[in-house]
Amino acid sequence: MAESFWLFAYGSLIWRPNLPFQRRLRGFLDGYERRFWQLSPDHRGDADNPGRVVTLCPVEGGRCWGVAYEVSETDASTVLEQLDQREAAGYVRVPVTFHAKDRALSGALPAVVYLAGPDNENYRPDTPLSEIARTVRTSVGPSGHN
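What you see is a predicted model, and the numbers here were worked out from it, not measured in a lab. (Residues numbered from 1 in each chain as written. Predicted model: local features only at pLDDT ≥ 70, side-chain atom pairs only at ≥ 80, totals over all residues. Heavy atoms only, no water.)

It is worth spelling out the overall build of the chain at this point. Secondary structure summary: the chain contains 3 helices and 7 strands in total. Listing the helices and strands of the chain from first to last along the sequence gives β-α-β-β-α-β-β-α-β-β. Its C-alpha atoms give the chain a radius of gyration of 16 Å, near enough to 15 Å, the size a compact globule of 146 residues would have. Projected onto the principal axes, the alpha-carbon positions of the chain cover approximately 45 × 35 × 25 Å. Within the chain, buried positions represent 45% of all 146 residues. In the chain, the share of contacts with a sequence separation of at least 24, taken over all contacts with a separation of at least 6, comes to 72%. Accessible surface, the chain as shown: approximately 8,200 Å² in total, 51% of it carbon and sulfur. Here the chain contributes 16 positive and 18 negative side-chain charges, whose respective centroids are spaced 9 Å apart. (Helix = DSSP H or I, 4+ residues; strand = E, 2+ residues; numbered from the N terminus. Rg over C-alpha atoms; globule rule 2.2 N^0.38 Å. Buried < 20%, exposed > 50% of the residue type's maximum accessible area, 1.4 Å probe, protein only. Contact = heavy atoms within 4.5 Å. Areas by Shrake-Rupley, 256 points an atom, 1.4 Å probe, with all protein chains shown as cover. Lys, Arg positive; Asp, Glu negative; His and termini not counted. Charge placed at Lys NZ, Arg CZ, Asp CG, Glu CD.)

Moving on to the nonpolar core. By size, the foremost hydrophobic cluster in this structure holds 34 residues, and its most contacted members are L7, Y10, L56 and F98. Sorting the residues of this core by element identifies strand 1 (5-9), strand 2 (23-40), strand 3 (51-71), helix 2 (73-86), strand 4 (91-100) and strand 5 (108-116) as the ones contributing at least two each. Residues within four places of L7 in sequence aside, it is in contact with L13, L19, V67, A68, Y69, L83, V112 and Y114. (Core = buried A, V, L, I, M, F, W, Y, C linked by side-chain atoms within 4.5 Å.)

Bridge analysis of strand 2 against strand 4 gives 2 bridges, and the strand direction is antiparallel. Bridging from a neighbouring strand, F28 pairs with H99 of strand 4. For strand 4 and strand 5, the ladder comprises 9 bridges, and the chain directions are antiparallel. Paired with R93 across the strands is Y114, a residue of strand 5. (Pairing = 2+ DSSP bridges.)

Below, the discussion takes up the layout of surface pockets. There is about 480 Å³ of room inside the largest pocket. Contributing to the lining of the largest pocket are 27 residues, with G11, S12, V53, V54 and Y91 lying nearest its centre. Elements with a minimum of two residues in the lining of the largest pocket: strand 1, helix 1 (12-15), strand 2, strand 3 and strand 5. Residues belonging to the lining of the largest pocket are distributed by class as follows: 15 nonpolar, 6 polar and 6 charged. There is about 170 Å³ of room inside the second largest pocket. Lining the second largest pocket are L39, N49, P50, R52, R124, T127, E131, R134, T135, T138 and S139. Of the residues forming the lining of the second largest pocket, the biggest block, 4 residues, is contributed by helix 3 (residues 129-138). (1 Å grid on protein atoms, 1.4 Å probe; cavity = no way out; pocket = protein on both sides within 12 Å on 5 of 7 lines; lining within 4 Å. Points joined across faces, edges and corners; volume = space filled by probe spheres on them. Nonpolar A, V, L, I, M, F, W, Y, C, P; charged D, E, K, R; others polar.)

Our focus in this paragraph is the state of the cysteines. What we call a disulfide is simply a covalent bond connecting the sulfur atoms of a pair of cysteines. Scanning all chains against the criterion turns up 0 disulfides. C57 takes part in no disulfide bond, and the closest cysteine sulfur to it belongs to C64, at a distance of 10 Å. A residue is classified by how much of its surface remains accessible, and C57, at 5% relative accessible area, is buried. (Disulfide = S-S within 2.5 Å.)

Turning to the pattern of salt bridges, a few remarks are in order. Under the counting rule described, the total for this entry stands at 5 salt bridges. E87 serves as the salt-bridge partner of R86, at 3.5 Å between the closest nitrogen and oxygen. Like R86, the residue E87 is buried in the burial classification. (Salt bridge = Lys/Arg side-chain N within 4 Å of Asp/Glu carboxyl O.)

Dropping the structure here:
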């Protein structure tokens with residue numbers, strides 16, 4: 001059986017987690033910023049016209065705010081399997097340190113985050129911002145409008 005864990009959410013997992021959790025804390029990761037550098041051929045677009053979704057990029061001095069979900073030991077294996085499928089188009093699970101906004105509650109916690117980096121075919125960091133904006137405005141996929 002897997003151990004309980006904290007999952008950091010910085011995009012769609014914030015408002016559509018679709019997973020059982022025990023607690024939800026607001027906070028941040030240091031050293032990362034969000035970027036629309038990941039193509040989405042499976043959720044916000046399709047194979048012919050991929051949309052764009054955010055990923056986290058390492059940035060010195062960066063900070064990304066979001067939420068962390070505490071997933072119980074009982075649900076851990078199932079949740080990780082579901083997330084591995086949901087985040088399949090280039091995302092990988094990475095260990096991080098989550099900093100809870102209310103440090104009296106927890107302070108720094110070990111967590112996992114799904115991010116997409118340069119090792120996957122859907123990573124497009126060199127696209128002009130105007131093209132990224134056009135794609136976000138016009139793309140539609142199985143999960144709806146971009």
